[in-house]
Amino acid sequence: MRSTDPRLPIAFFRDRARQCMACAQVDMRQSCMVRDFSSPFKRTGLIQCHSPHLSLSIMNDPIEEPIPLIIWVEFYLEKCSQVALAVALFLMEAYEGASSFLLGHMTEVLLAVIAIFGSTYYLCCIRDPWFELRQRAMELKVDKPNSYLRSCGREVWVVANPIGGDGNGVKIFNAILKPLLEKAGIPYRFIQTTHQGHPKQISMSVDPKLCACLALISGDGMVHEVMQGYACRAKHDAKKLRELYDAIPLAILPGGSSNGLSTSFGYVDVVAACDGLINGTQQPLDVNEIDFLNPQREGLKLWDAHAFCFGLFADYDRLVETKLRKLGTTLKGILGAIAIIGQRQEYTATFDFLDASHNDFENDEERKAKKYSDASLLPDSPGKPAGWKRIEGSMLLLTALNTTWAANDAHTAPYSDRSSGSVDILFIPGGSAVSRLGLLKTMMAFESGDHLEIPFVKIYRAKRWNLLPDIKHDHERTTLDCSGEQFPLSETTCTCHKGLAKIIGFPDKQLAR
């Protein structure tokens, strides 16, 4: 195959590639073998280099032995010109050698394939996050003498959902956590979940004489399941439940789709979570006791430490976990958000809550600085003791959280305190004042926490609450959602238990607000 632009010689591209690599300041001697080429893809490198973040190679001639690269991706394009390679090299050079370009908000691969005078040359720049994670993990110090796991001497049971999130649970254990546990001399047992309800079964049967901690590699759903197992084991007695968490605390490692709880503990990635597991101590976490007063399911009780949703968030969760579940994390998230904003469903309910602002804030200035709404402007709840306030009428969103992050990209309650004994109530009213464009702006602001600057978004602090939806009118249109688990509409009550659960980690290590 001949070049469509013979004016640019091969040497031009070789020299430009060398300049790019020099600009990137990559170490030509570094290499990391993750997998070899299979025989059809074996090539020799005219130029090759490796860094913790990328591989850069230009190849042309076949050889017998494979070349170690971080990851190799190869596309064959029948029709392409030297211009494609020139543009790719220019972009790399403009962004100071590809690294900042790749590690920004772009995808993992920038690749140009070019046919030159009968030979095929490949320019391959690939970000490898696992290589960087492994390097950081191996640099962690694991000899902290007062850490919980070192002091108790029992096994840590690691439970991973192999299909949760992007399906990386087992890989997280094998590539990162397992080497760290062995390095620290901490005994462990690894369990892969095989069916729905398996985490609950494990938590109901785990022996505190053998197990020091349940380390969960998954999303918020597995934590929720384990909490239900503990609650059943303690027969829903708060005192016994507290004793059980003291004996077998939990550790949360991000391996799911949302990872709101792990993000709320400051774990921006799995290495930070492993650090918290191995070097951390027991930290308190509030747990909400939620009762569903549904005549058809009398006595249904849940214990949850994450989020309870009615309205927009509940509709979103139901959509992405049912109809869109198989589309992948990113795609289903985008389509789910578009769908619920397009539908803009409003629901009618009465919500009463015991205001906690007078206990949690020293003065009104602190409340305003933390962007909480003034609950004194709300009407008192009829028939309730002093301090109870009421929200009623049309609602777009009502969410109760006791963690700062609802998901790793939703900083829903930036000033929530995970062990204060209070829960944050996020509320968006219905009505013409909230347009679809306004909802879109609100959704886009969740990641930064700037949604609290939007006038129609309200947030309150509560000790207890009671929700009474319009069951007759809305029972076929929506559901209630508790940490991703769906329930039919019913009157619901909640009491927040201060510091009931124990999580292995570091004190007050939350992401910067």
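This one's a predicted model, so the numbers in the text were calculated from it and none came from an experiment. (Residues numbered from 1 in each chain as written. Predicted model: local features only at pLDDT ≥ 70, side-chain atom pairs only at ≥ 80, totals over all residues. Heavy atoms only, no water.)

1. Quick word on the overall build of the protein
Then comes step 1: When its secondary structure is counted, the protein shows 17 helices and 18 strands.
Then comes step 2: Within the protein, buried positions represent 52% of all 513 residues.
Then comes step 3: For the protein, the exposed surface amounts to about 23,300 Å²; the carbon and sulfur share of it is 53%. (Helix = DSSP H or I, 4+ residues; strand = E, 2+ residues; numbered from the N terminus. Buried < 20%, exposed > 50% of the residue type's maximum accessible area, 1.4 Å probe, protein only. Areas by Shrake-Rupley, 256 points an atom, 1.4 Å probe, with all protein chains shown as cover.)

2. Concerning the pairing of strand S18 (residues 491-505)
Then comes step 1: With eleven of 15 residues buried, S18 lies mostly within the body of the structure.
Then comes step 2: With twelve bridges joining them, strand S9 (residues 281-293) and S18 adopt antiparallel strand pairing. Paired with Asp291 across the bridge in S18 is Thr493.
Then comes step 3: Sheet analysis places strand S15 (residues 458-469) next to S18, joined by four bridges and oriented antiparallel. Pairing of Leu467 across the sheet is with Thr492, part of S18. (Pairing = 2+ DSSP bridges.)

3. Section: the packing of helix H6 (residues 169-184) against helix H11 (residues 270-279)
Then comes step 1: Here H6 crosses H11 at 30 degrees, and the two axes come no closer than 11 Å. Relative to H11, the element H6 lies roughly parallel. As for how H6 packs across H11, the hand of that crossing is right-handed. Taking contact as the criterion, the partners of Ile172, Ile176, Leu177, Leu180, Leu181 and Ala184 in H6 are, on H11, Val270, Val271, Cys274, Leu277 and Ile278.
Then comes step 2: Residue classes in the contact of H6 with H11 are distributed as eleven nonpolar, no polar and no charged. (Axes fitted to C-alpha atoms, helices over the stretch in contact; angles between N-to-C directions. Parallel < 35°, antiparallel > 145°, perpendicular 65-115°, else oblique. Left-handed = near helix turned anticlockwise from the far one by under 90°. Contact = heavy atoms within 4.5 Å. Nonpolar A, V, L, I, M, F, W, Y, C, P; charged D, E, K, R; others polar.)

4. Quick word on unusual backbone geometry
Across residues other than glycine, the phi torsion is negative in most instances, and most of the peptide bonds are trans.
Then comes step 1: The phi dihedral of Asn259 is positive, around 60 degrees, even though this residue is not glycine.
Then comes step 2: Note that Asn259 resides in the loop between strand S8 (250-254) and helix H10 (260-264).
Then comes step 3: Located in the positive-phi region is Ser483, a residue other than glycine, with phi close to 50 degrees.
Then comes step 4: If you trace the backbone, Ser483 turns up in the loop between strand S16 (480-482) and strand S17 (485-487).

5. Some words on empty space enclosed by the protein
Then comes step 1: Taken as a whole, this structure holds three cavities of 30 Å³ or more when the rule is applied.
Then comes step 2: If you add up the space inside the largest cavity, you get close to 60 Å³.
Then comes step 3: What lines the largest cavity is simply Gly311, Leu312, Asp315, Ile340, Gln343, Arg344, Gln345, Tyr347, Leu396 and Leu439.
Then comes step 4: Elements that contribute at least two residues to the lining of the largest cavity include exactly helix H12 (312-320) and helix H13 (329-343).
Then comes step 5: Here the residues of the lining of the largest cavity are counted per class, giving five nonpolar, three polar and two charged. (1 Å grid on protein atoms, 1.4 Å probe; cavity = no way out; pocket = protein on both sides within 12 Å on 5 of 7 lines; lining within 4 Å. Points joined across faces, edges and corners; volume = space filled by probe spheres on them.)

6. Observations regarding the packing of helix H7 (residues 198-205) against helix H8 (residues 220-233)
Then comes step 1: The contact between H7 and H8 brings their axes to 7 Å, and the two run at 40 degrees. With respect to H8, the axis of H7 lies oblique. Seen along the crossing, H7 lies across H8 with a hand that is right-handed. Judged by residue contacts, His198, Pro199, Lys200, Ser203, Met204 and Ser205 of H7 engage Met222, Glu225, Val226, Gln228, Gly229, Tyr230, Cys232 and Arg233 from H8.
Then comes step 2: Partitioned by chemical class, the residues of the contact of H7 with H8 number six nonpolar, five polar and three charged.

7. Re the packing of aromatic side chains
In this description, a pair of aromatic rings is defined by centroid distance and the angle of the planes.
Then comes step 1: Tallied over the full model, the rule gives 13 aromatic pairs.
Then comes step 2: Judged by centre distance (5.4 Å) and plane angle (55 degrees), the ring pair of Phe313 and Phe446 falls under tilted. Pair noted here: Phe313 is in helix H12 and Phe446 is in the loop between helix H16 (436-445) and S15, with a separation of 133 residues, a long-range link.
Then comes step 3: On the basis of relative accessibility, which here comes to 13%, the residue Phe313 falls in the buried class.
Then comes step 4: Chaining the aromatic ring pairs together yields one cluster made of Phe292, Phe308, Phe351, Phe353, Tyr460, Trp465 and Phe487.
Then comes step 5: Over the ring of Trp388 we find Lys384; its NZ or CZ atom is 4.5 Å from the centre of that ring.
Then comes step 6: Of note, Arg418 hangs over the ring of Phe265, and the distance from its end group to the ring centre comes to 4.0 Å. (Phe/Tyr/Trp six-rings, centres within 6.5 Å; stacked < 30°, edge-to-face > 60°. Lys NZ or Arg CZ within 6 Å of the ring centre and 35° of its normal.)

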